[in-house]
Amino acid sequence: MSDIRFLADKAMSRATTRLLPFLVLMYVMSFLDRSNIGFAKDFLASDVGITPEAFALGAGLFFFGYSFFEIPSNMIMHYVGARRWMARIMITWGLCAAGFAWVTSETSFLILRVLLGIAEAGFFPGVVVFMTYWFTKDKRAKINGLFYY
């Protein structure tokens, strides 16, 4: 029995050193992406002509797409696998974020905000589910704390 516990502890230790830094990096990118739009507000208003109302609508549409597709995203992750699905999230999320360089109107801004929310949907809950695959209940609280911190 102690051999099994030793192997489990070794696997969780390896997952902590290999997975957790990458997951934290992805979480930081998520936070930067969400706060980044606030820095672009003035430039979008002056360069593209986006009104404050359209900007506020775009902020809300992001969370609409994110919330609406969160559960389906996690269901797909369960079937496809966490590695593939998290890679899909990061790639489509990056493409949508890069697409903001070509925003020319309020319509393109709003469409990209919805697409960004859909692309990012399921990231945070997916990470939480992903951690359940690698860590036991008694270790998960500590790992979640390290991830959130």
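Here the structure is a predicted model, which means the values were calculated and not measured.

(A) Summary view of the overall build of the protein. Counting secondary structure elements, the protein contains eight helices and zero strands. Listed N to C, the secondary structure of the protein is α-α-α-α-α-α-α-α in terms of helices and strands. Seen through its principal axes, the protein has C-alpha atoms that stretch 65 × 30 × 20 Å. Entry remark: accessible area of the protein is about 9500 Å², with carbon and sulfur atoms responsible for 70%.

(B) Local environment of helix 6 (residues 106-120). Given a rise of 1.5 Å per residue, 15 residues ought to cover 21 Å, and the 21 Å separating the end C-alpha atoms of helix 6 matches this to within 8%. Within helix 6, burial applies to S108, F109, L110, L112, R113, L116, G117, A119 and E120. If you follow the buried residues of helix 6, they end up packed against helix 2 (20-48), helix 3 (52-68), helix 5 (82-99) and helix 7 (123-134). G122 occupies a position one or two residues after helix 6 and carries a positive phi of about 85°.

(C) Spotlight on the layout of surface pockets. Each pocket or cavity is described by its volume, and for the largest pocket that value is around 340 Å³. Taken together, 15 residues line the largest pocket, and the ones lying closest to its centre are L19, F22, R83, F130 and W134. Elements supplying a minimum of two residues to the lining of the largest pocket: helix 1 (2-18), helix 2, helix 5 and helix 7. Roughly 230 Å³ of internal volume is contained in the second largest pocket. Of all the secondary-structure elements, those providing two or more residues to the lining of the second largest pocket are helix 2 and helix 6. Partitioned by chemical class, the residues of the lining of the second largest pocket number eight nonpolar, one polar and three charged.

So, how was this worked out
Residues numbered from 1 in each chain as written. Predicted model: local features only at pLDDT ≥ 70, side-chain atom pairs only at ≥ 80, totals over all residues. Heavy atoms only, no water. Helix = DSSP H or I, 4+ residues; strand = E, 2+ residues; numbered from the N terminus. Areas by Shrake-Rupley, 256 points an atom, 1.4 Å probe, with all protein chains shown as cover. Expected span 1.5 Å × (residues − 1). Buried < 20%, exposed > 50% of the residue type's maximum accessible area, 1.4 Å probe, protein only. Contact = heavy atoms within 4.5 Å. 1 Å grid on protein atoms, 1.4 Å probe; cavity = no way out; pocket = protein on both sides within 12 Å on 5 of 7 lines; lining within 4 Å. Points joined across faces, edges and corners; volume = space filled by probe spheres on them. Nonpolar A, V, L, I, M, F, W, Y, C, P; charged D, E, K, R; others polar.

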